[in-house]
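# Structure assessment
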Amino acid sequence: MHPDHTEPPYQPPSSPRRSRRLRSIVFTLALGAAMFAAGAVMLAPDQTTASRPSGQGQPAGAPPRGSIEALQARVTRLPKDSGGWAALGMAYVQQARTTADPATYDRAEKALRTSFTVQAEGNTDAEIGMGALSAARHDFPTALRWARKATTSGPYSSSAYGVLADAYTQLGRYEEADKAVQKMTDLRPDAASLARASYAFELKGETDRARALMRRSLAAATLADTSFAHNVLATLDLQDADPRAALARARTGLRAAPGDSALLETRARAHMALGNTTKAIADFRAAIAIAPLPHYLLGLGELEQSLGHREQAEAQYTLLRAQDRIRAAGGDPADTDAILFEADHGDPRRAVTMAGQTLRTRPFVAVQDAYAWALHRAGRDAEALVQADRALATGMRSALFHYHRAAIHHALGDTEAARRDLTRALREPGFHPLHADAAHDLLQRIDTTP
């Protein structure tokens, strides 16, 4: 993402030094069941392979600048262009995130490694790209190492500090993440840095400040990048129990980007909160047709299950199990969606093992919450409460986290604490297709028990 300005016509770099000064606009995002669940990994590397409308300084019929096709043509024409190879690698990372095709990560790594063969030292662009790739693979310790390299070789690169902030956030090092976000914003107060600042406040539960910053991010965004900001704003509306506002915001975003799967999934959740399950199912299916991401499959499966559509739900769960077998075969850590799915629809003891493995390299709030829920489902509530408290320690407003802790408190016999968490969870009445009803039922039982 980049400031709202007109870029100069593209000129091939004449030297590696020139290449390092190029500015790019590759905007990468990762969304899980909510933005915090998968991590706000958004990058705007400082290179000039920016995407912009065709016809501005390029031949008619040419692929849009910044597209994979254009970048492939560029490195074919200029094989010694380290910035071009780095930008191609970043574009592949973005493609993998939006299509759920993990094989694309291998193409990203190959392009980034090629950039290093052209320019081994001081290659900030490729270091940023490797950090983004590591984060996309949920290898956050490695992402941190690359981010530190990038901030050393490119101390004035706001994007390098963006990668650093993302890594620190997912590693649960929130104060260091805040410092990195502040540095990023000081260097370049653009849409990408403002989005990260917004997320920093969202993690603290300060949704009004988060919303104000995301609106500024939206105002600074280019047309191609606005869908992310619209999606975050709609998600904040859902957290604030305003599904009609979320629906309107998602519709606005989809008018500009009708094929954006994240916006379709958010619109599905808004429809679900409003009780329009038919439209919610249609939007979930549309999102899955674009990118069969685990949280889309889980969302649709649990919605179908809540409606008594067991066969349709099981079809989504079958896909989730297949995805997890591929993940496990590759030795990758489980994401929160896989852990929660296993806890609720599989073997809770296995979910505990999965969560414990992930937590070792990603002590992030969403992983702590998933670990808490897995422990609860496995009957280990004293341990579960420790993790649930950690998940909510930043102050973040999450109805699901509060419901999970409420169930743990109730299992431990602390009905007052359970009531407090249930009340907080139910401020967002339709927060989950299955657990929202369970939260209502549990609160009613507590209130009617002498």
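Here the structure is shown first, and the text comes after it.
Just so it is clear, the structure is predicted and the values come from calculations on it, not from any experiment.

So, about the environment of Pro 363. With respect to the helices and strands, the residue Pro 363 is situated in the loop between helix H19 (348-361) and helix H20 (365-377). Residue class for Pro 363 comes out partly exposed when judged on its relative accessible area of 29%. As a C-alpha pair, Pro 363 and Gln 170 span 193 residues in sequence and 6.8 Å in three-dimensional space. Those residues in contact with Pro 363, other than ones at most four positions away along the chain, are Gln 170, Leu 171, Gly 172, Tyr 174 and Gln 368.

Another aspect to go through is the environment of Pro 243. For Pro 243, the location among the structural elements is in helix H13 (residues 243-256). Pro 243 sits in the buried class, given a relative accessible area of 17%. As a C-alpha pair, Pro 243 and Ala 270 span 27 residues in sequence and 5.0 Å in three-dimensional space. Non-local contacts of Pro 243, meaning those with residues more than four positions away in its chain, are made with Leu 238, Ala 270, Ala 273 and Leu 274.

Our focus in this paragraph is the nonpolar core. Of all hydrophobic cores here, the largest spans 44 residues; its most connected members are Ile 339, Phe 364, Phe 401, Tyr 403, Leu 422 and Phe 431. Put simply, the parts of the chain that give this core at least two residues each are helix H10 (191-203), helix H18 (336-345), H19, H20, helix H21 (381-391), helix H22 (399-411), helix H23 (415-425) and helix H24 (435-448). Residue contributions to this core peak at nine residues, all from H20. Setting aside residues no more than four positions away along its own chain, Tyr 403 makes contact with Trp 373, Leu 422, Ala 425, Phe 431, His 435, Ala 438 and Ala 439.

Here Gly 430 lies in the loop between H23 and H24. Under the relative-accessibility criterion, Gly 430 is labelled partly exposed at 27%. Put simply, Gly 430 and His 271 are 159 residues apart on the chain and 9.8 Å apart in space, counted from C-alpha to C-alpha. When neighbours within four sequence positions are excluded, Gly 430 is seen to be in contact with Met 272, Ala 273 and Ala 436.

Cut-offs and rules
Residues numbered from 1 in each chain as written. Predicted model: local features only at pLDDT ≥ 70, side-chain atom pairs only at ≥ 80, totals over all residues. Heavy atoms only, no water. Helix = DSSP H or I, 4+ residues; strand = E, 2+ residues; numbered from the N terminus. Buried < 20%, exposed > 50% of the residue type's maximum accessible area, 1.4 Å probe, protein only. Contact = heavy atoms within 4.5 Å. Core = buried A, V, L, I, M, F, W, Y, C linked by side-chain atoms within 4.5 Å.

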